[in-house]
Amino acid sequence: MGEESNISVLICRVLLPAGRDLLEAQGFELREGGLDVTAERLQELAPGCAAIVADPTVPIGPDLLDAAGEGLRVVANFAVGYDNVDLAACRERGVVVTNTPGVLTNATAEIALSLTVAAARRAREAEALLREGRWTGWDPGAMLGLELSGATFGVVGLGRIGRRYAELVRPLAGELLYAARSAKPDAERELDANHVGLDELLGRSDVVSLHAPGGEATRHLIGAGELARMQSHAVLVNTARGTLVDSGALATALEKGEIGAAGLDVYENEPGVPQELMDAPRCVLYPHIGSATHTSRDGMATLAARNAIAVLTGNGPLNPIS
Ligand code: NAP
């Protein structure tokens, strides 16, 4: 038991033991909303809390911040993305916001690689054929997909996860292109990657993988016009945020054969998945499992808790959002 026993922490939904145990060891009172928590329930739990542990499914805005009250010092997001947090509202109230960078980089890059291969090789259709008893035997002309060896890969957003994805596909790739707001000379040197504009990347890539953050600045970065620039055999992978892609335009592009295939882990209004994407051909859909490895989720829980503790014990946050 630590010395901070008067401090309350709101865990909006759940926190894995790797993080929960650290908070409990400080003697903090933990108020947990549970997986099905509602906005109303959060309002009831928030008053008097000094820290809020949130995740990407929980919008953190003025209402909840004000419900917590003036003693609130930190919002520790259990994610690297923070598009669920109203940063301006936190800033106005002097509340520090933190995230969990790095610990989920490998896991998310690996799920992007999985979606790349699954979409390129028509894994969804192939497995359905077999499971539904429609497979009549080896057929030289059936289930032909895109060969990735020698393919041109385009990475949109060469940050931590984009860079790791680029490292993973480098042994396969012919050309490696990336689009970013600023050039990354070390990546160009180490990965033989070329910095190009988004339009050029879309036109030249056989595989386009998105790794830029969510939020207004990247909303519908990929819409009907961008999809039309892609090659008709090209694969689009999105493990970043659903808001980066116009779902309706993507479904239409798949339907019309304007692009070859798509692999998605994230959606515009989760946990809703647009029916048009469910119905679209050549589309592999995962339920937002990018960071879902034991290593990654324990790392995220630990880091979220350590950030909350650092602020509440008067030390600087480990991973502040600037
Ligand atoms: P990061 O290191 O901050 O990388 C993001 C990169 O995006 C930055 O390097 C930034 O580079 C670039 N960028 C920003 N705006 C851009 C734009 N308009 N066009 C092109 N590039 C742009 O973040 P990360 O750790 O790699 O995470 C990336 C995102 O992945 C997170 O924000 C999160 O939403 C998502 N994510 C999803 C899952 C999942 O479960 N599916 C798990 C973890 C993370 P420049 O400033 O140089 O442009």
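Here the structure is shown first, and the text comes after it.
Analysis parameters
- Residues numbered from 1 in each chain as written.
- Predicted model: local features only at pLDDT ≥ 70, side-chain atom pairs only at ≥ 80, totals over all residues.
- Heavy atoms only, no water.
- Helix = DSSP H or I, 4+ residues; strand = E, 2+ residues; numbered from the N terminus.
- Buried < 20%, exposed > 50% of the residue type's maximum accessible area, 1.4 Å probe, protein only.
- Contact = heavy atoms within 4.5 Å.
- Areas by Shrake-Rupley, 256 points an atom, 1.4 Å probe, with all protein chains shown as cover.
- Near = heavy atom within 4 Å.
- Polar contact = N/O pair within 3.5 Å; in protein donor to acceptor, adjacent residues only side chain to side chain.
- Disulfide = S-S within 2.5 Å.
- 1 Å grid on protein atoms, 1.4 Å probe; cavity = no way out; pocket = protein on both sides within 12 Å on 5 of 7 lines; lining within 4 Å.
- Points joined across faces, edges and corners; volume = space filled by probe spheres on them.
- Nonpolar A, V, L, I, M, F, W, Y, C, P; charged D, E, K, R; others polar.
- Pairing = 2+ DSSP bridges.
- Axes fitted to C-alpha atoms, helices over the stretch in contact; angles between N-to-C directions.

For the rest of this paragraph, the subject is the overall build of the protein chain. Looking only at helices and strands, one finds 13 helices and 12 strands in the protein chain. The principal-axis extent of the C-alpha atoms belonging to the protein chain is close to 70 × 50 × 30 Å. The buried share of the protein chain, reckoned over its 322 residues, is 48%. When contacts within the protein chain are restricted to residue pairs at least 6 apart in sequence, those whose partners lie at least 24 apart make up 59%. Of the roughly 15,000 Å² of accessible surface on the protein chain, 50% is carried by carbon and sulfur atoms.

Attention now goes to the site of the ligand. Neighbouring the ligand are 26 residues; Ile161, Arg181, Ser182, Lys184 and Thr239 lie closest to it. Side-chain polar atom of serine 182 to an oxygen atom of the ligand: 2.8 Å apart, as the coordinates give it. For the ligand, a nitrogen atom lies 2.8 Å from a polar atom in the side chain of aspartate 265. Relative to its free-state accessible area of 920 Å², the ligand is covered by the protein chains to the extent of 85%.

Turning our attention to the state of the cysteines. Applying the stated criterion across every chain, the model contains zero disulfides. With no disulfide of its own, cysteine 90 lies closest to cysteine 12 among cysteine sulfurs, the gap being 11 Å.

With that settled, the discussion passes to the environment of glycine 299. With respect to the helices, strands and loops of the structure, glycine 299 is situated in helix H13 (residues 294-312). Look at glycine 299 and you get buried, because its relative accessible area is 16%. Once the C-alpha coordinates of glycine 299 and glycine 102 are considered, the two residues, 197 residues apart in sequence, prove to be 9.0 Å apart.

Before going further, it helps to examine the layout of surface pockets. Looking at the second largest pocket, its volume works out to about 350 Å³. Leu129, Trp135, Asp139, Ala142 and Met143 are the residues nearest the centre of the second largest pocket, which is lined by 15 residues in total. Taken together, the residues that form the lining of the second largest pocket break down as nine nonpolar, three polar and three charged.

Pairing in this open sheet of seven strands is parallel, and the strands run S8-S7-S6-S9-S10-S11-S12 from one edge to the other. Because the sheet does not close on itself, it has two edges, and the strands there are strand S8 (193-195) and strand S12 (283-285). In this sheet, adjacent strand axes meet at a mean angle of 15 degrees when their direction is disregarded. As paired elements, strand S9 (residues 207-210) and strand S10 (residues 235-238) share four bridges and run parallel to each other. Residue valine 208 lies in a different strand from S10, and its bridge partner there is leucine 236. Sheet strands in contact with helix H11 (residues 247-256) are S10, strand S11 (261-264) and S12, and its direction is about 145 degrees off that of S11.

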